[in-house]
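# Descriptive structure summary
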Protein chains: 2
Amino acid sequence: MPVAVSFYFFEHQNIKTLLVKLSYMEGCFKCEANFVPLSPISFLERAAFVYRDSPSIIYGDVTYTWKETHDRCVKLASALSIIGVNPGDIVATFAPNTPPHYELHFGVPMAGAILSALNTSLDPPTLATTLQQLQPHIIFVDHQYIQTIEEAFKALSNHKITLPRLVVIRDNSCTIAPLNTLDYNNLLSIGKADFKIICPSDECDPISINFTSGSTGKPKGVVYSHRSTYLNSLAVIFRYDMKKMPVFLWTVDMFRCNGWCFPWALAALGGTNVCLREVTAKVIFDSIVVHNVTHMCGPPTILDKIASSKIDEQKMIPTRVDVIVAGPLPSSVIISKVEKFGFVTHHGYGMTEALGPMTDTCLRTSNLIEDDNDEREKIKCRERTRNILMEDVDVKDPETMTSVPCDGNTIGEVMFRGNVVMLGYLNNLEGTKNVFKGGWYNTGDLGIRKPNGDIVMKDRKLDSIVTNGEIVSTIEIERVIRTHPFVKEVAVVGKRDNTLGETPCAFVVLKDDCSLSSDAIIEYCQGMLPRCMIPVNVCFGVLPMNSTGKVLKFVLREKANAIGE
Amino acid sequence: MPVAVSFYFFEHQNIKTLLVKLSYMEGCFKCEANFVPLSPISFLERAAFVYRDSPSIIYGDVTYTWKETHDRCVKLASALSIIGVNPGDIVATFAPNTPPHYELHFGVPMAGAILSALNTSLDPPTLATTLQQLQPHIIFVDHQYIQTIEEAFKALSNHKITLPRLVVIRDNSCTIAPLNTLDYNNLLSIGKADFKIICPSDECDPISINFTSGSTGKPKGVVYSHRSTYLNSLAVIFRYDMKKMPVFLWTVDMFRCNGWCFPWALAALGGTNVCLREVTAKVIFDSIVVHNVTHMCGPPTILDKIASSKIDEQKMIPTRVDVIVAGPLPSSVIISKVEKFGFVTHHGYGMTEALGPMTDTCLRTSNLIEDDNDEREKIKCRERTRNILMEDVDVKDPETMTSVPCDGNTIGEVMFRGNVVMLGYLNNLEGTKNVFKGGWYNTGDLGIRKPNGDIVMKDRKLDSIVTNGEIVSTIEIERVIRTHPFVKEVAVVGKRDNTLGETPCAFVVLKDDCSLSSDAIIEYCQGMLPRCMIPVNVCFGVLPMNSTGKVLKFVLREKANAIGE
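Figured I'd write up the structure that's included with this text. (Residues numbered from 1 in each chain as written. Chains lettered and ligands numbered in written order. Predicted model: local features only at pLDDT ≥ 70, side-chain atom pairs only at ≥ 80, totals over all residues. Heavy atoms only, no water.)

## Quick look at the side chain of His-101 of chain A
Residue and element names in this part refer to chain A.
- By secondary structure assignment, the location of His-101 is in helix H4 (residues 99-110).
- For His-101, a relative accessible area of 1% corresponds to the buried category.
- A distance of 3.1 Å separates a polar atom in the side chain of His-101 from the backbone oxygen of Pro-96.
- With near-sequence residues (within four places) excluded, His-101 lies in contact with Thr-93, Ala-95, Pro-96, Ala-117 and Met-254. (Helix = DSSP H or I, 4+ residues; strand = E, 2+ residues; numbered from the N terminus. Buried < 20%, exposed > 50% of the residue type's maximum accessible area, 1.4 Å probe, protein only. Polar contact = N/O pair within 3.5 Å; in protein donor to acceptor, adjacent residues only side chain to side chain. Contact = heavy atoms within 4.5 Å.)

Right, here's the structure in full:
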């Protein structure tokens with residue numbers, strides 16, 4: 001039966017005007033013909049029709065068409081139903097970027113279930129904790145990680161939880177003997193080709209759970225909806241000016257914000273997924289040449305891999321390749337090296353809660369960038385071209401929720417709201433309420449507004465320093481120290497101080513064969529930074545990083561506080 | 001307060017499983033931070049931030065930036081509120097593609113009102129009928145059409161309806177003296193720059209009303225929602241592989257499906273709108289050269305204008321220009337001529353009810369097209385690359401609602417469903433129910449499914465012929481007759497026949513300086529068509545067309561039935 005459309009003027013108008021208007025709009029209603037819950041599943045349904053004979057996935061010697069990928073995903077969904085996966089159940093994966101992992105991005109939601117792709121760099125104890133939190137019904141594990149999963153299961157056996165059912169993904173590269181457990185290919189073979197896929201009845205129903213990288217504490221399960229992933233898939237296409245049928249090299253992990261929604265976006269575009277088990281410089285160059293790759297993305301470490309590749313690994317790049325990195329800002333030296341091969345680099349600011357990068361700065365073609373590395377370094381911090389689906393971005397005083405003035409100076413918290421924000425944290429109502437305070441997503445990142453309205457990211461709120469009542473951005477201090485010709489990398493944190501509250505403490509990594517004293521660094525900063533920003537302590541050594549290449553500042557903070565104790 | 005997300009497994013699961021799952025998902029809810037009703041208004045808000053200093057509109061000597069366009073639209077919305085426009089009110093326009101008409105596409109919805117851009121080729125009596133049906137609160141009329149509107153108002157004065165308030169749009173080209181009525185610029189000047197725009201509280205609320213072209217009868221008011229126009233704006237970008245900041249030449253009327261959603265799509269892309277009062281070959285070539293136009297669209301007549309341009313009007317085209325036409329299939333001769341200038345032509349199948357073209361066939365680059373005009377002619381009819389936002393397209397038996405077999409033969413009705421389908425017909429519940437039968441939009445067009453699943457459009461249901469119990473496609477007959485070297489254009493309709501029900505009657509337009517007899521046409525068809533498809537009558541002369549270039553078959557049908565009476 002037709003459902004009458006609700007008009008927003010119901011509340012505003014007097015009843016007579018209302019009745020006139022209602023009679024106007026008689027004939028308008030929401031029904032199956034004109035309203036379908038948004039879900040990225042639909043991209044695959046369409047691709048099977050529009051791009052049916054075009055290549056969907058290439059992995060070593062294996063190539064699938066979109067029709068084949070669609071049919072395999074339908075069978076996968078059917079098989080999951082047959083072995084007892086119900087709508088709303090959680091299905092976990094622990095796998096590299098292989099074709100089965102791609103298929104699970106469709107097959108699991110097509111069974112009405114929720115996908116959780118887990119970080120394969122987790123050690124067994126952390127994996128065990130995550131599984132305890134997630135309670136998946138099934139876990140799909142690539143043969144490469146069997147041992148990790150067995151150890152995690154062992155650690156869990158003391159707890160009163162039902163272990164997830166294990167399905168092993170074995171491919172041609174697998175040399176280990178089949179285990180006494182279900183195998184991905186066997187599972188697929190029991191699926192029915194005519195299975196009626198389960199579409200969400202509400203587009204805000206959950207589709208996946210991604211864990212944060214945990215640079216600021218314990219990883220949190222971030223829940224995405226069908227609606228948000230559908231819209232974000234369109235947004236990534238828009239953001240990177242992607243044309244139909246691109247060739248995408250899988251250098252971003254599918255367990256990072258569902259590979260930033262690219263599994264779904266590629267189906268929307270009818271593109272080709274070049275799957276990889278391992279990402280090396282050689283594999284990147286070889287794949288680009290063989291498959292005419294157009295796009296790739298990932299953490300800034302992929303730029304490092306390309307920049308530091310050996311001459312015999314390098315190849316001439318036949319067409320333009322756009323590389324999108326998200327995470328710490330790559331250095332201009334690395335970018336220049338990568339661009340010399342013909343790559344066009346982009347940088348995004350984002351987070352798991354925003355379904356990946358929320359902004360895009362094309363490091364080369366932005367018209368703001370002069371051919372000046374210093375200028376470029378500054379521009380990169382300006383995040384202006386926000387995700388088309390992100391309704392609003394602002395820098396606010398978190399207490400009053402008013403915008404900070406556009407004075408290029410006043411620091412506030414970066415906040416946003418829109419349809420590409422998570423549904424919330426898994427099983428953590430307090431955590432969700434906390435970050436959604438005031439009807440905005442409170443990022444915990446600090447920023448300022450330039451006189452022209454541009455937002456410039458400063459620092460994590462947690463990583464900023466309050467010294468003598470002044471909020472100091474550690475990014476600013478790092479930027480200055482990084483200009484020293486002997487400095488390779490630097491991270492600044494606050495060290496507890498009984499008088500001032502905190503003082504800046506710099507951890508510096510020097511370039512090979514360079515040497516420098518703490519005093520030399522402090523002296524270098526004088527005249528370039530206000531007094532309160534000059535480091536009081538300088539330490540040398542390696543920086544602790546997480547798997548996305550983010551410096552673990554909480555580790556450094558402990559170290560800083562231990563100095564002189 | 002947070003609203004709990006509804007899970008679709010509520011209905012399926014037993015209560016114990018449900019409770020476990022609910023506790024899992026604790027922490028997930030819809031709120032202002034992660035759910036914003038979709039509305040194309042947001043594209044302008046974002047453009048004012050991201051593309052602030054880039055040109056939004058160029059019209060003669062006038063250029064606006066996106067910041068200026070945003071500010072003008074806010075003031076327009078404010079002014080509308082001040083003069084008494086309430087949310088839900090209808091605001092009509094009767095204007096060419098000038099900047100005020102563009103601004104009204106944002107300003108009216110920003111005041112919570114509904115925009116209805118009326119066809120400027122309507123004669124005063126038809127306009128009067130339309131206004132009676134629409135009952136707008138205000139009508140914005142370009143100075144060029146003052147006389148038409150005054151005559152329509154006169155015709156309405158006998159009826160007991162409140163006449164809409166008249167606002168005249170005058171620009172530099174206006175030579176007539178100001179009337180004793182509100183003027184667009186005066187109105188704008190009373191608007192407040194800090195007006196808080198009214199966003200829809202429900203994304204399915206109406207944003208605009210477009211009238212059908214009436215090729216099959218009386219024009220119907222088709223209501224669009226904020227959601228559908230938002231999604232279709234993204235879809236047109238996707239469909240034509242549009243990159244950010246394109247330059248769009250306004251050759252499609254804004255009163256056709258809101259210029260196929262391009263006013264909103266251009267704001268999403270931060271592109272430049274080159275507005276035009278009148279579309280001539282000279283203006284097209286001049287604008288392309290001066291402004292580096294990248295895209296234009298409209299009815300196939302714009303191709304005719306380009307193809308038949310005089311040598312002194314033609315210019316070298318500096319960059320690729322994509323021309324998208326929707327309506328009758330343009331002839332391959334015209335396409336070849338247009339392509340020689342450097343245009344890339346696309347053809348779309350669609351209708352007002354689907355927010356414009358629903359499919360896209362690139363006439364040049366499709367890999368299906370050989371360099372063979374005949375083959376191309378056939379391929380154009382295959383509509384495969386459907387709108388990404390259109391959930392499902394099928395050819396069905398309208399009685400049983402089952403799909404016709406993929407035999408390339410069985411004729412059924414083309415149907416679709418998805419988020420880019422109208423909310424319904426204004427004030428016409430029966431009409432809406434009728435086309436939404438069975439949960440699909442019933443197009444009234446006939447089609448078949450090829451063995452590979454491709455859908456081939458055949459004919460309007462109304463325009464097909466039932467002869468001796470057989471459904472015959474008039475398009476097929478037309479296609480054959482059109483291959484005769486002397487034939488310029490042809491339309492076939494059914495003529496009543498007491499024995500057979502109907503028989504085909506062909507109306508033929510011959511090329512200049514060609515002559516041909518009826519018998520010669522009939523003879524030509526023999527051997528190329530089955531007996532039931534060979535025309536029984538052939539007439540010569542001009543074909544009656546509506547303003548979009550569609551042949552008015554109901555006029556021809558009357559003529560055919562009058563033969564021999």
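## Brief notes about the relation of the copies chain A and chain B
- Least-squares fitting of chain A to chain B yields an RMSD of 0.1 Å, with the transformation described by 0.0 Å of translation along the axis and a rotation of 180°. Expressed as an axis order, the relation between the two copies is that of a two-fold axis.
- A share of 99% of the interface residues of chain A reappears at the interface of chain B, consistent with the copies meeting face to face through the same patch. (Least-squares fit on C-alpha atoms with pLDDT ≥ 70 in both.)

## A look at the interface of chain A and chain B
- Each side of the interface is counted separately: chain A has 91 residues, and chain B has 90 residues.
- A combined buried area of about 8,000 Å² lies between chain A and chain B, and 58% of that area is made up of carbon and sulfur atoms.
- The tally of links from chain A across to chain B stands at four salt bridges.
- Arg-227 of chain B is paired through a salt bridge with Glu-203 of chain A; the nearest N and O atoms lie 2.9 Å apart.
- There are 30 residue pairs in polar contact (both at pLDDT 80 or more) connecting chain A and chain B.
- Counting residues per element, the side of chain A that touches chain B draws most heavily on helix H8 (residues 226-239) of chain A, at seven residues. (Buried area = accessible area lost by both parts, 1.4 Å probe. Salt bridge = Lys/Arg side-chain N within 4 Å of Asp/Glu carboxyl O.)

## Here we look at the sheet that holds strand S29 (residues 501-510) of chain B
Residues and elements named next belong to chain B.
- The mixed open sheet is built from three strands, whose spatial order is S28-S29-S30. Lying at the two open borders of the sheet, with one neighbouring strand each, are strand S28 (487-497) and strand S30 (537-540). Direction aside, neighbouring strands of the sheet carry axes that sit 25° apart on average.
- The pairing of S29 with S30 spans four bridges and is parallel. Bridge assignment links Phe-507 to a residue of S30, and that residue is Cys-539.
- Along the sheet face, helix H16 (residues 474-482) touches S28 and S29 and points at about 140° away from the line of S28. (Pairing = 2+ DSSP bridges. Axes fitted to C-alpha atoms, helices over the stretch in contact; angles between N-to-C directions.)

## Digging into the sheet that holds strand S29 (residues 537-540) of chain A
Residues and elements named next belong to chain A.
- If you walk across this open sheet you meet the three strands as S27-S28-S29, and the pairing is mixed. Every other strand in the sheet has two partners, leaving strand S27 (487-497) and S29 as the edge strands with one partner each. Between one strand and the next, the sheet's axes are offset by a mean angle of 25°, whatever the strand orientation.
- Across the sheet, helix H16 (residues 474-482) touches S27 and strand S28 (501-510), and the angle it forms with S27 is around 140°.

It is worth stressing that arrangement in space is one thing and function is another; only the former is reported here.
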